[in-house]
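One letter stands for each residue in the lines below.
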Amino acid sequence: MAKPCKTAILISGSGTNLQAFIDAVASGGLSLELAVVFSNNPQAFGLERAEKAGIPTACIPHTDYPDRATFDRALIGELEPFAPELLILAGYMRILSPDFVAHYSGRILNIHPALLPLYPGLNTHQRVLDAGDKWHGSTVHFVTEELDGGPRILQGRLEVQPGETAEELARRVQAVEHRIYPEAAAWVGSGRAKFLNGQCWIDGKLAEEPVIFDY
Ligand code: GAR
């Protein structure tokens, strides 16, 4: 069997998606080696989750650095000893510098709580409700220099319920994220999904549209 892909998970906060990865690997349902968890926020609860799971952690506050490029160079310095083959952004609330993205080109995944290209940026659940949309969900995509704009791999979609609040919707979307993110990472880790020439390929075919799972 192929060796599990060495993976770094980057977080800024609670880390419920990180927990989904920890649980999936522990149950034998996901073949990744969780090599390191990094946070730019020393208070991130996700760091505790990682420690409890026995995963090495690293943390450097971005506030210690004068600009994004310098911070991202320091971040590469933290990650390199672990030689990650795959980077998972799991609620990592920092925009990455072009040099960082180029360094790990095609090897960075992000999850965004919306059906991209709809609603890049923040406050997605309220924006979906304000627009009266029927569908909402979350997207796993390869990271490029364009914020929330890289090629999409997998979307989890759900129907907005009448009278649902942004908090209720956020909870349901997060539950979907915990299922689709380890799944999409497994596809990339196994080589089933690939980033080639700026596009996503799945099972050897160009995936102009993401795979959609309905919940
Ligand atoms: C997740 O819902 C993720 O989609 C979102 O942050 C949350 C992190 O939750 N990411 C973004 O908004 C990135 N643009 P978690 O810390 O509990 O995994």
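All values derive from a computational prediction rather than experimental measurement. (Residues numbered from 1 in each chain as written. Predicted model: local features only at pLDDT ≥ 70, side-chain atom pairs only at ≥ 80, totals over all residues. Heavy atoms only, no water.)

**Quick word on the site of the ligand**
Logical step 1: In the vicinity of the ligand, the contacting residues are S14, G15, T16, N17, G91, M93, I111, H112, P113, Q174 and E177.
Logical step 2: N17 is positioned with one of its backbone polar atoms (N or O) 2.9 Å from an oxygen atom of the ligand.
Logical step 3: Between an oxygen atom of the ligand and a side-chain N or O atom of E177, the distance comes to 2.5 Å.
Logical step 4: A total of 450 Å² of accessible area belongs to the ligand in isolation, and the protein chains cover 85% of it.
Logical step 5: Among the secondary structure elements, those contributing two or more residues to the shell around the ligand are α1 (16-26), β5 (108-112) and α6 (166-189).
Logical step 6: Residues of the shell around the ligand, tallied by class, amount to three nonpolar, seven polar and one charged. (Near = heavy atom within 4 Å. Polar contact = N/O pair within 3.5 Å; in protein donor to acceptor, adjacent residues only side chain to side chain. Areas by Shrake-Rupley, 256 points an atom, 1.4 Å probe, with all protein chains shown as cover. Helix = DSSP H or I, 4+ residues; strand = E, 2+ residues; numbered from the N terminus. Nonpolar A, V, L, I, M, F, W, Y, C, P; charged D, E, K, R; others polar.)

**Examining the environment of P4**
Logical step 1: Mapped onto the fold, P4 is located in the segment before β1 (5-11).
Logical step 2: Using a relative accessible area of 33% as the deciding quantity, one classes P4 as partly exposed.
Logical step 3: Along the primary structure P4 and L30 are separated by 26 residues, whereas in three dimensions their C-alpha atoms are 9.0 Å apart.
Logical step 4: In contact with P4, other than residues within four places in its own chain, are S31, L32, E33 and E85. (Buried < 20%, exposed > 50% of the residue type's maximum accessible area, 1.4 Å probe, protein only. Contact = heavy atoms within 4.5 Å.)

**Considerations on the side chain of S39**
Logical step 1: Relative to the assigned elements, S39 resides in strand β2 (residues 32-39).
Logical step 2: For S39, the side chain forms a polar contact with the main-chain oxygen of N41, separated by 2.8 Å.
Logical step 3: Excluding anything up to four places from it in sequence, S39 contacts I11, S12, A44, L47, A58, C59 and I60.

**What to know about the pattern of salt bridges**
Logical step 1: Under the defined criterion, the tally for this structure stands at five salt bridges.
Logical step 2: Among the salt bridges present, the one from K134 reaches E159, with a minimum N-O distance of 3.8 Å. Placement of K134 in the loop between α5 (124-131) and β6 (135-142) and of E159 in strand β7 (residues 152-159) is noted, with a sequence separation of 25 residues between them.
Logical step 3: Of the residues examined, E159 reaches a relative accessible area of 34% and is grouped as partly exposed.
Logical step 4: For D214, the salt bridge goes to R157, with nearest N and O atoms at 2.7 Å. With D214 in strand β11 (residues 211-214) and R157 in strand β7, this pair connects stretches of sequence that are 57 residues apart. (Salt bridge = Lys/Arg side-chain N within 4 Å of Asp/Glu carboxyl O.)

**Side note on helix α2 (residues 45-52)**
Logical step 1: Within the sequence span of α2, burial applies to G46, L47, R49 and A50. Looking straight down α2, one finds that the buried residues subtend no more than 160° of arc, so they occupy a single side. Facing away from the buried side of α2 by more than 90 degrees, the exposed set consists of E51 and K52.
Logical step 2: Looking at the buried positions of α2, the neighbouring elements they touch are β1, α1, β2 and β3 (57-59).
Logical step 3: Taken from the residues just after α2, G54 is the one with a positive phi, measuring 75°. (Arc of directions from axis to C-beta.)

**Structural notes on the sheet that holds β7**
Logical step 1: The strand order across the open sheet built from eight strands is β3-β2-β1-β4-β5-β6-β7-β11, with neighbouring strands paired in mixed fashion. If you trace the sheet from one side to the other, it starts and ends with β3 and β11, each paired once. Along the sheet, successive strands turn relative to each other by an average axial angle of 20°, direction set aside.
Logical step 2: When β5 meets β6, the two strands line up antiparallel, connected through four bridges. Counterpart to I111 in the pairing with β6 is V140.
Logical step 3: Along the sheet, α1 contacts β1, β2, β4 (86-89) and β5; its crossing angle with β2, the most-contacted strand, is approximately 155°.
Logical step 4: Taken strand by strand, α6 contacts β1, β2, β4, β5, β6, β7 and β11, and its axis lies near 155° from that of β7. (Pairing = 2+ DSSP bridges. Axes fitted to C-alpha atoms, helices over the stretch in contact; angles between N-to-C directions.)

**Some remarks on the pairing of β4**
Logical step 1: Burial along β4 is two-sided: the face carrying L86 and I88 and the face carrying L87 and L89 are both buried.
Logical step 2: Where β1 lies against β4, four bridges are found, and the strand directions are parallel. Counted as the bridge partner of I9 is I88 from β4.
Logical step 3: Where β4 lies against β5, three bridges are found, and the strand directions are parallel. Residue L89 lies in a different strand from β5, and its bridge partner there is N110.
Logical step 4: For the handedness criterion, the β-α-β arrangement of β4, helix α4 (residues 98-103) and β5 is classed as right-handed. (Right-handed = clockwise from strand over helix to strand, strands pointing away.)

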